[in-house]
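# Descriptive structure summary
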Amino acid sequence: MTVGGMLRRLDASRIFVILAIAVVLAAILIPNFLTTTNVRGLLNQASVNTMIAVGLTLVLIAGHIDLSVGSNLALSGMIAIVLQEPLGVPGAAIAAVTIGGLVGVANGVAVAYLGVSSLLVTLASMIMLKGVALTLAGGDTVSGADIAPSLWIQSRMFELLSPTIIIAIVAVVATQLLLSLTVPGRTLYVIGGSDDGGRMTGIPTRRYLVGVFAASGSFAAAGGVMLSLGLNTGSAYFGDATVFTVIAAVVVGGTSLLGAEGSAIKSAMGVLLLATVTNAFSIRGIPTFVLQVFTGGLLMSVVLLDSYLGLRRRRSWRLRRIAVEDEETLDSAPPPDRPAMARAS
Amino acid sequence: MTVTSSDHDGIGSAARPDPGERTSPGDTPARVRMLRPLRRNGILVVLGLIVAIAALSSPQFLDPGNLQNVGRSVAIVGVIAIGQTLVAIVGGLGDLSVGPTVSLVAVLTLGLQPTLGPEAALVVGLLAGLLVGCLNGVLIGRFRTNSIVTTIGAGVVANGVALWFTGGDTMFGRSEGLHAFGTGSFLGIANIILVFGLVVIAGAVLLGATTMGHRMYATGGNLEAARASGIRVARVVATAFVLSAAAASIAGILFAALLDQVNYDSGSSTTFASIAAVAVGGTSLFGGEGSVLRTVVGVLLIGILNNVVVLVGLPLNAQMVVTGAIILVAVTLDAVTRRTRR
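Keep in mind that this is a model prediction, so the values were computed, not measured.

### A word on the overall build of chain A
Helix and strand counts for chain A stand at 15 helices and two strands. In chain A, which comprises 345 residues, the share counted as buried stands at 57%. Here the analysis covers contacts within chain A between residues at least 6 apart in sequence; of these, 79% occur between residues at least 24 apart. Of the roughly 13,800 Å² that chain A leaves accessible, carbon and sulfur atoms contribute 68%.

Printed below as a string of structure tokens:
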């Protein structure tokens, strides 16, 4: 095996190596890091972003992006709190996740059937949902009347776990099984690799895309419900920085922004890595700005590593030039049955 | 579609009506050709409609004072959006580090005034902003890293530096001159609007009348073809990101000058606002087409809508819903007309 091949193999599992190094370093340098209380707190915090990362991974594998997850999280959390009175806690949670999923469906329809770039669609829905969340609360935070669900959702189970953490683990494992073992899961990689290729082999690409955005919306909403229930508070400002943090985590985990590459478990590990670093820094009392510089540096090192290893070199430094290039090559061929513009422009 | 479309088709290329506008593919049926002027100027029609509706629904709208308000409210985001236009044209999607760059430049410009004096503080602020741009440019241009992740990373770092510098406090201006410039006007037009105008002219000249501008279109239109024809694409891409950071730095100084008090997070909302303006104007984020004037129209469109929302008495939060809806309508129309064009 060549050196390059070894490096590439190491790169494929880099997130496990980096996470292991981070945990070992934290355990050595910080005496209180490996206590059950701290680890459970860390996992509790990471579980919300894990939910979002799982949904975003699906979208990224299919070759698209969803910027609306942060606003979706804020709005769904707020809905879950506001609807507690009329619907009860489970009813409110289900309603919030359903609404989040419907937002995702709307995103997906605009992307798949109207052919609008997912970056722009979800940018627009990000702004709109934030506006709706602000209007709903009049710019304030809303609090739930009953503190009991809040206490339950982060309560201790089996020493290291809590309901929040269990939900996140189930979401990660289920999504990973879907991606690795089922036909729809494998199909996502085909679509992400080549939209037209997928369509030509008879895959209903557009339905898949709607499904992927619906999943992303539902996962983000579930994350919002978990966050807001945990804090017993809904706020339009939750999730403002979430998109950036989660994209960073997912990319560090090894999911490509170019599509057709990624795994739910690695994305979850990426979230855990950032949560570990954040937790370790805050226990040591290291100021936030150092954390930010560190996180930004980590992110840039990872993309630099990606391009150095040439893994994505052929596909260049931008999101795939979807449709445009594909169509120009298609123009000489007989036109496909359906309009070939399911993706971005 | 792309500037290199004439490579792909023979017959229709001569029918390309206007070489300055880089949106036309050559070979198109007559029905589609008829739609083309509409498609190309549809956004202007929308802008005209909205101005008309605004003027009818609120008598204050056409008041010169109110128009200045619109201009003032969009000038800062507008300056940034011109930089974003260059990034979009080279195919870099968007520069997500502009918000933190604006904040960083603004806090340095105000916070260093007591120690360095206002002029030197301004220069240090500008240099810090350009440094962010150089970082983006080298990584994305030379090492071909993904532009979204790279600019997120650079933004997080810039934000961290701004937080370190301010320690979380608000920075207040200590110089009368800068604030007087930010709030002042020249010949009846607010200074920040004039600066916006100068940046627009600079951007339009760069794209329309310089070799670098043409190389930007070529690179964004088809990277490999541009490289094959001898363009140093790494430099072109890097230039776009450096100029985007330069625009963000100018915006940061305007921000500081106008408000005279900023904190490490003041500029964060400008990132998506500027990308939205570019997209609404109809410049493709995937490269090869677009213009500064389109972006100006996009900026004005969003600014006027937000103004109207306030004038007719809707709650401020409704602004975001309206802005989001307009972006959605604009990009959907764009995608649908593109499809009919084929």
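### Details of the pattern of salt bridges
Two side chains carrying opposite charge are able to pair once their charged atoms lie near each other. Residue and element names in this part refer to chain B. Summed over all chains, the structure comprises two salt bridges over all chains. Among the ionic pairs, glutamate 224 bridges to arginine 144, the shortest N-O distance being 4.0 Å. Taken together, the positions of glutamate 224 in helix 10 (residues 223–228) and arginine 144 in the loop between helix 5 (118–142) and helix 6 (147–166) put the pair 80 residues apart, joining distant regions of the chain. Exposure remark for glutamate 224: the relative accessible area of 45% places this residue in the partly exposed category. Residue classification places arginine 144 among the partly exposed positions, given a relative accessible area of 21%. Between glutamate 224 and arginine 227 there is a salt bridge whose closest N-O contact spans 3.5 Å. Taken together, the positions of glutamate 224 and arginine 227, both in helix 10 and three residues apart, correspond to about one turn of that helix.

### Some words on the packing of aromatic side chains
If you walk through the whole model with that rule in mind, you get three aromatic pairs over all chains. Sitting above the plane of the Tyr189(A) ring, Arg186(A) keeps its charged end 4.7 Å from the centroid. Across the ring face of Phe143(B), the terminal group of Arg142(B) is positioned such that the distance to the ring centre comes to 5.2 Å.

### Some thoughts on the confidence of the model for chain A
The predicted coordinates should not be examined in detail at positions where pLDDT is low. Residue and element names in this part refer to chain A. With 86% of its residues at a pLDDT of at least 70, chain A reaches an overall mean of 80. Of all helices and strands in chain A, the one with the weakest mean pLDDT is helix 15 (residues 324–330) (40), whereas helix 11 (residues 205–231) scores best (91). Below a pLDDT of 50 lies the segment residues 312–345, which in the model reaches 101 contacts outside its immediate sequence neighbourhood of four places, other chains included.

Cut-offs and rules
- Residues numbered from 1 in each chain as written.
- Chains lettered and ligands numbered in written order.
- Predicted model: local features only at pLDDT ≥ 70, side-chain atom pairs only at ≥ 80, totals over all residues.
- Heavy atoms only, no water.
- Helix = DSSP H or I, 4+ residues; strand = E, 2+ residues; numbered from the N terminus.
- Buried < 20%, exposed > 50% of the residue type's maximum accessible area, 1.4 Å probe, protein only.
- Contact = heavy atoms within 4.5 Å.
- Areas by Shrake-Rupley, 256 points an atom, 1.4 Å probe, with all protein chains shown as cover.
- Salt bridge = Lys/Arg side-chain N within 4 Å of Asp/Glu carboxyl O.
- Phe/Tyr/Trp six-rings, centres within 6.5 Å; stacked < 30°, edge-to-face > 60°.
- Lys NZ or Arg CZ within 6 Å of the ring centre and 35° of its normal.
- pLDDT = per-residue confidence, 0-100.

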